[in-house]
Amino acid sequence: MKKNKKGKKSDPAVSGLIDITRKKFRWSDYLAEKVIKGVAFLSITIVALIFIFVFRESLPIFKTEKAPVKTEATAETQETYGEVTDKPAAADVQETYGEVTDQSNNQAKVDSTSTSKADDSYTVSAGSGFDDNQSALKSLLTKEWVPVSEKPRYGILALIIGTFKVTIISMLFAAPLAILAALYTASFASRRMKEIIKPTIELLAGFPSVVIGFFALMVLASFLQNVFHYDTRLNAFVGGIAMGIAAIPIIFTITEDALTAVPKTFNEASLALGASKWQTAFFVILPAATPGIFAAVLLGIGRVFGETMIALMATGNAAQMGLNPFESVRTLAATIGAEMAEVVFGDTHYNVLFLIGSLLFIFTFILNAVAEFYVKGKLMKRIQGK
Amino acid sequence: MIKSFKNNIKGILIEGLTLSSALLIIAIIVVMITVIVVGGKDQISWEFLTSFPEDGMTKGGIFPAIYGTALLVIIMSVVAVPFGTITAIYLTEYAKEHSIIAKTIRFAVRTLAVIPSIIYGLFGLGFFIKFVGTTMDNTFLGGQLKWGQPNILWASLTMALLTLPVVIVSVEEALKTVPNDLRAASLALGATKWQTIWKVVLPGSISGIMTGTILAVSRGAGEVAPILFTGVAYYVATLPASFSDQFMVLGYHIYVMTTQSANVDQTLPIQFGTTLVLLMLTFILNISAIILRYRIRKKKTT
């Protein structure tokens, strides 16, 4: 710029020409840069929009509109919860119910038995006062997920437990397998083996989850049932294994990256000190890469947690609370996938499904944030020696 | 001596353990492919691929599902590839590596990559259909329901958001392989930054953009959850002709046939056939992407 201006003084005609052309180019350049920058911001915008719009649709549940007095009165007679908590006014119960879960540790037994008893004795009157959002919100922390009934209950606790059950099973299956395989490719494998193993597992990453779900439903379920002899053909175990298969490539790839990112000097120093190959791999390289492996497992968990199609096809889809791995479960994502198509827009059920979506979103967002910031910082520190 | 012998055995055991893990994973993949190929190969015929379902989907082919999948990924790519490429260009060419903006965008991209696909479905429903679509209906059509319901446009846009990070990541990787010397040479010859990007950097990374597109198409063809309630249909008698039509998709077809249909056993061959078609499709796409990517990486190292 400055040189140009100097030139302008000495030879106005020539430099003026240059200036004009330059300006033209700069203008298009400027425009290009602005457009590119604008588009680049799109990804941030999309994340924000996803959060806003998924959360927005779930908001009506939280609106504490004054429920009509009439419904409260009917609610009192029908509420089993009212009886359980032994409180006189239904209004009181509605307010405190969220907190009751804290107390419910001691009341839990009473609660479960009495609800199941009372369930049978329900005399469902038309327009039971349970349709309003407050009671839906109230029922969120209960155990029963019965969204389509005369008296819908949206207890997402069973769904959350089911999701965690499947996630734990899949991680117990996938994480060791993927990490060991990654250790093999990073530390032991010959170049040839590496060139077979890595692309093959990358290929698995490209398998559509429907295909894995189909495989689980048609083949894996029967196979595992023959091996383990359980009753329900589709259950948390089958779903967990199938989702583990889906999560293996993620864990493998990130772990492998973390292992190969460990500096060569670590390896050489260890070998020079007389450690054997496997000792180096296990006691030097693996520990050095733990933050990366941790991130890999976190992202694997994120994948399994939000997996929909495999959950729909292979877990049996019955909301049960038990800890038995061979029981059917219903996961959060599968619930959205199965029920969203059938709900009425704007209905309480619709809002609750969006609420579940928000939960999933927040959970995976946090997982990703932890994997991103905490783990990476640690990995860098460790590898660079503080 | 004894100690080293023990160590040797331990070493062999441990190496064997890691090797067998790797082999087990590969075995699972091979078994999966074999089962699906064996189950579906008899079903595959020209007729199966080009005819409509018949008799309540118990007979006939899967042409509408193939057509719908193709249409979906085309519309999706038209949106996702340019936007993804531009974002990648910004990240590699314009943004400073450690600036807050670049970091935030990278974080957003990774977040997009890990958000469960079902959330995209919810977003498509809440944003495209209920917000954009309904607004369009109210302003242009006077409240007549046309865009405020599931259709192929909203499904494709939802899918485009899902595949955006795939494109961004692969294009970014490819842009980084373009040597800085080329950029410097171009700038030294008097080209502006944009000219350098357009004439030098982009042509040099065209294979990366291809890889990104292929991976995105493969991902989009296989995903079902995002389109469950944004446009896919159990059965439509006609092929989608406009943006506001519903459509069929291979993945959803598999899901519906295996879990929702009344006679699962009767349609078993069709299920296997459809799965095989979908698997082959993603397979071919992925293999070509992997080959392309390895080529790019080789170029980087040499």
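As the structure is a prediction and not an experimental result, all values here were calculated from the model.

Rules behind the numbers
Residues numbered from 1 in each chain as written. Chains lettered and ligands numbered in written order. Predicted model: local features only at pLDDT ≥ 70, side-chain atom pairs only at ≥ 80, totals over all residues. Helix = DSSP H or I, 4+ residues; strand = E, 2+ residues; numbered from the N terminus. Core = buried A, V, L, I, M, F, W, Y, C linked by C-beta atoms within 7 Å. Buried ≥ 20, exposed ≤ 12 C-beta atoms within 10 Å, placed from the backbone. Contact = placed C-beta atoms within 7 Å. Nonpolar A, V, L, I, M, F, W, Y, C, P; charged D, E, K, R; others polar. Expected span 1.5 Å × (residues − 1). Bend = angle between axes of the 7 residues up to and from the residue. Axes fitted to C-alpha atoms, helices over the stretch in contact; angles between N-to-C directions. Parallel < 35°, antiparallel > 145°, perpendicular 65-115°, else oblique. Left-handed = near helix turned anticlockwise from the far one by under 90°. pLDDT = per-residue confidence, 0-100.

### Structural notes on the overall build of chain B
Along chain B, the regular secondary structure elements total eleven helices and two strands. Its helices and strands taken in sequence order, chain B reads α-α-β-β-α-α-α-α-α-α-α-α-α from the N to the C terminus. Projected onto its principal axes, the C-alpha coordinates of chain B cover approximately 70 × 65 × 35 Å.

### Considerations on the nonpolar core
Grouped together as the largest cluster of nonpolar side chains are 181 residues, with contacts concentrated most on A:A216, A:A242 and A:I251. Once residues lying within four places of it in the same chain are set aside, the contact partners of A:A242 are A:I212, A:G213, A:A216, A:L220, A:I310 and A:A314.

### Let's talk about helix α16 (residues 332-339) of chain A
Of all eight residues making up α16(A), six are buried, and the element is well covered by its neighbours. Along α16(A), the residues classified as buried are A:L332, A:A333, A:A334, A:T335, A:I336 and A:G337.

### A few points about the interface of chain B and chain A
Often, the extent of an interface is quoted as the loss of accessible area upon association of its parts. Each side of the interface is counted separately: chain B has 67 residues, and chain A has 70 residues. Element by element, the count of residues in the side of chain B that touches chain A is highest for helix α1 (residues 2-40) of chain B, at 18 residues. Its residues placed into classes, the side of chain B that touches chain A shows 44 nonpolar, 18 polar and five charged.

### A few points about the environment of B:L268
In this structure, B:L268 sits in helix α11 (residues 268-301). For B:L268, a count of 15 C-beta atoms within 10 Å translates into the label partly exposed.

### Quick word on helix α10 (residues 209-228) of chain A
Residue and element names in this part refer to chain A. Helix length check: α10, at 20 residues, gives a terminal C-alpha distance of 25 Å against a target of 28 Å (1.5 Å per residue), a shortfall beyond 12%. Approximately 45 degrees is the largest bend angle found in α10, and it occurs at A216. Phi for H229, located one or two positions after α10, is positive at around 55 degrees.

### Observations concerning the packing of helix α9 (residues 191-205) of chain A against helix α11 (residues 236-261) of chain A
The relative placement of two packed helices is expressed as an angle between their axes plus a distance between the axes. Residue and element names in this part refer to chain A. Relative to each other, α9 and α11 sit at 135 degrees, their axes nearing to 8 Å. Classed by the angle they form, the pair α9 and α11 counts as oblique. The interaxial crossing formed by α9 with α11 has left-handed handedness. When α9 is examined against α11, the residues I201, E202, L204 and A205 are found in contact with a partner set consisting of I248, P249 and F252. Looking at the contact of α9 with α11 residue by residue, the classes come out as six nonpolar, no polar and one charged.

### Quick word on the confidence of the model for chain B
All names here are of chain B. Per-chain confidence: chain B averages 88 in pLDDT, with 98% of residues scoring 70 or above. Highest mean pLDDT in chain B belongs to helix α3 (residues 63-94) (93); lowest belongs to strand β2 (residues 59-60) (80). On the interface metric, ipTM, the complex scores 0.90, and its pTM is 0.82.

### Brief notes about the confidence of the model for chain A
All names here are of chain A. Considering every residue of chain A, the mean pLDDT works out to 76; 72% of them sit at 70 or more. Summarising per-element confidence for chain A, the mean pLDDT is lowest in helix α6 (residues 90-120) (37) and highest in α11 (93). Note on residues 66-130: pLDDT is under 50 here. Beyond four places in sequence and across chains, it has 50 contacts.

### What to know about the environment of B:D42
Its place among the elements puts B:D42 in the loop between α1 and α2 (46-50). B:D42 sits 231 residues away from B:G273 along the chain, and the two C-alpha atoms are 7.8 Å apart.

### Overview of the packing of α10(A) against helix α10 (residues 250-260) of chain B
At their nearest, the axes of α10(A) and α10(B) sit 9 Å apart, and the two run at 25 degrees to each other. With respect to α10(B), the element α10(A) is oriented roughly parallel. The crossing of α10(A) and α10(B) is left-handed. Along the contact surface, α10(A) presents A:V210, A:F214 and A:L217, while α10(B) presents B:G251, B:I254, B:Y255 and B:T258. Taken together, the residues of the contact of α10(A) with α10(B) break down into five nonpolar, two polar and no charged.

### Observations concerning unusual backbone geometry
Negative phi values dominate among residues other than glycine, just as trans dominates among peptide bonds. Residues and elements named next belong to chain A. Unlike most non-glycine residues, H229 shows phi in positive territory, near 55 degrees. With respect to the helices, strands and loops of the structure, H229 is situated in the loop between α10 and α11. Residue class for H229 comes out exposed when judged on the 8 C-beta atoms lying within 10 Å of it. Notably, N317 is not glycine yet its phi reads approximately 60 degrees, a positive angle. Among the structural elements, N317 can be located in the loop between α15 (309-314) and α16. C-beta crowding within 10 Å serves as the criterion here: with 20 such atoms nearby, N317 is assigned to the buried category.

### A few points about the environment of A:L286
Residues and elements named next belong to chain A. Note on placement: L286 falls in helix α13 (residues 277-288). Between the C-alpha atoms of L286 and L259, which are 27 residues apart in sequence, the distance is 6.9 Å. Setting aside its immediate chain neighbours within four residues, L286 contacts L183 and A281.

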